[in-house]
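Read off the chains here:
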Amino acid sequence: FPYTTLFRSPAPGRGRGTLSDRDFEGDLIIGRGGASSIGTLVDRTSRYIRLIRLPATRSGEDFAAALLAGLADLPAERLLTLTWDQGNEMARHDLVAHLFPEGVFFAYAGCPWQRGTNENSNGLARQYLPRNSDLSVHTDEDLRRIETLLNTRPRKTLGWRTPAEVFTTGLR
């Protein structure tokens, strides 16, 4: 079962040099006083980011529902693995595991480099979602605008192509 493969790096036998364009990393950006949060999902190959508006509660069920909604418009064949940290929000990862045929993985505690693409993307997203701010004020429309700004920004690591270009190429 995909959700039983915990504490391993994605896709056994595949090192970082053999990424699939179907491997995603995820995390939360936490707002002022921990009272609000936004989920981030990043495709490891293209750096394409998806921002997910989250409910005030971070229960496993509420988070899973928001994550499912955030992934709803992505083709199933684009999803292979998901690597997350060990936050309580993923307590019900079993509710989303069916979307990732090779599994949902959890990085070791205190090892953010195991989700390096996501950590870098969170830093870029913080340009629009500052620390110590109330993240609940951002609407879905705000988050789509920020996604567009991030996904259309050329990246040196992508040969100066944009995450949107690379991600879209993978859909063909």
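Cut-offs applied
- Residues numbered from 1 in each chain as written.
- Predicted model: local features only at pLDDT ≥ 70, side-chain atom pairs only at ≥ 80, totals over all residues.
- Heavy atoms only, no water.
- 1 Å grid on protein atoms, 1.4 Å probe; cavity = no way out; pocket = protein on both sides within 12 Å on 5 of 7 lines; lining within 4 Å.
- Points joined across faces, edges and corners; volume = space filled by probe spheres on them.
- Helix = DSSP H or I, 4+ residues; strand = E, 2+ residues; numbered from the N terminus.
- Nonpolar A, V, L, I, M, F, W, Y, C, P; charged D, E, K, R; others polar.
- Pairing = 2+ DSSP bridges.
- Axes fitted to C-alpha atoms, helices over the stretch in contact; angles between N-to-C directions.
- Contact = heavy atoms within 4.5 Å.
- Expected span 1.5 Å × (residues − 1).
- Buried < 20%, exposed > 50% of the residue type's maximum accessible area, 1.4 Å probe, protein only.
- Arc of directions from axis to C-beta.
- pLDDT = per-residue confidence, 0-100.
- Salt bridge = Lys/Arg side-chain N within 4 Å of Asp/Glu carboxyl O.

This next bit is on the layout of surface pockets. Each pocket or cavity is described by its volume, and for the second largest pocket that value is around 150 Å³. Looking at the second largest pocket, the residues that line it are Arg50, Leu51, Ile52, Arg53, Ala66, Ala69, Gly70, Asp73, Asp140, Leu143 and Arg144. Looking at the lining of the second largest pocket, the elements that each hand over two or more residues are β3 (49-53), α1 (60-71) and α3 (140-151). Considering only residue class, the lining of the second largest pocket consists of 5 nonpolar, 1 polar and 5 charged.

Further remarks concern the sheet that holds strand β5 (residues 103-106). Here 5 strands make up an open sheet; going across it, the order is β3-β2-β1-β4-β5 and the pairing mixed. Two strands lie at the open edges of the sheet, namely β3 and β5, each paired on one side alone. Taking each pair of neighbouring strands and ignoring which way they run, the sheet shows an average axis angle of 25 degrees. In this fold α1 packs onto β1 (23-30), β2 (37-43), β3 and β4 (81-84), with an angle of close to 135 degrees to the strand it touches most, β3. Set on the sheet, α3 makes contact with β2 and β3; between it and β3 the angle comes to about 165 degrees.

Now for α1. Its 12 residues place the ends of α1 16 Å apart at the C-alpha level, agreeing with the 16 Å of an ideal helix rising 1.5 Å per residue. Among the residues of α1, those classed as buried are Gly60, Phe63, Ala64, Ala66, Leu67, Gly70 and Leu71. Viewed along the axis of α1, the buried residues span an arc of 165 degrees, placing them on a single side of the element.

A word on the side chain of Thr162. Structurally, Thr162 can be placed in the loop between α3 and α4 (163-171). Ignoring anything within four residues of it in the chain, the contact list for Thr162 reads Asn151, Thr152, Arg153 and Pro154.

Assignment of secondary structure puts Ala109 in the loop between β5 and α2 (116-125). Each C-alpha atom, one on Ala109 and one on Gln86, is 6.5 Å from the other, the two residues being 23 residues apart in sequence.

What follows covers the environment of Glu119. Mapped onto the elements, Glu119 comes out in helix α2. Glu119 gets classed as partly exposed once you look at its relative accessible area, which sits at 31%. Along the sequence, Glu119 and Val42 sit 77 residues apart, while their C-alpha atoms lie 9.5 Å from each other. Apart from residues no more than four positions distant in its own chain, Glu119 is found in contact with Asp27 and Pro112.

So, about the confidence of the model for the chain. Mean pLDDT over the chain works out to 84, with 86% of the residues at or above the 70 mark. When mean pLDDT is compared element by element in the chain, α3 scores highest at 97, while α4 scores lowest at 85. The model gives residues 1-8 a pLDDT under 50, and that stretch makes 20 contacts with residues more than four places away or in other chains. Confidence drops under pLDDT 50 across residues 10-14; counting only partners more than four residues distant or on other chains, this segment forms 13 contacts.

Okay, the pattern of salt bridges next. Tallied over the entire structure, the rule returns 8 salt bridges. Salt-bridge contacts for Arg50 lead to Asp73; the nearest nitrogen and oxygen are separated by 2.7 Å. Of this pair, Arg50 sits in strand β3 while Asp73 sits in the loop between α1 and β4, placing them 23 residues apart in sequence. Across the pair Glu61 and Arg92 runs a salt bridge, and its minimum N-O distance is 3.1 Å. Taken as a pair, Glu61 in helix α1 and Arg92 in the loop between β4 and β5 lie far apart in primary sequence, 31 residues in all. Residue class for Glu61 comes out partly exposed when judged on its relative accessible area of 42%. On the accessibility criterion, Arg92 (28% relative accessible area) is partly exposed. Through salt bridges with shared partners, a single ionic network connects Asp27, Arg115 and Glu119.

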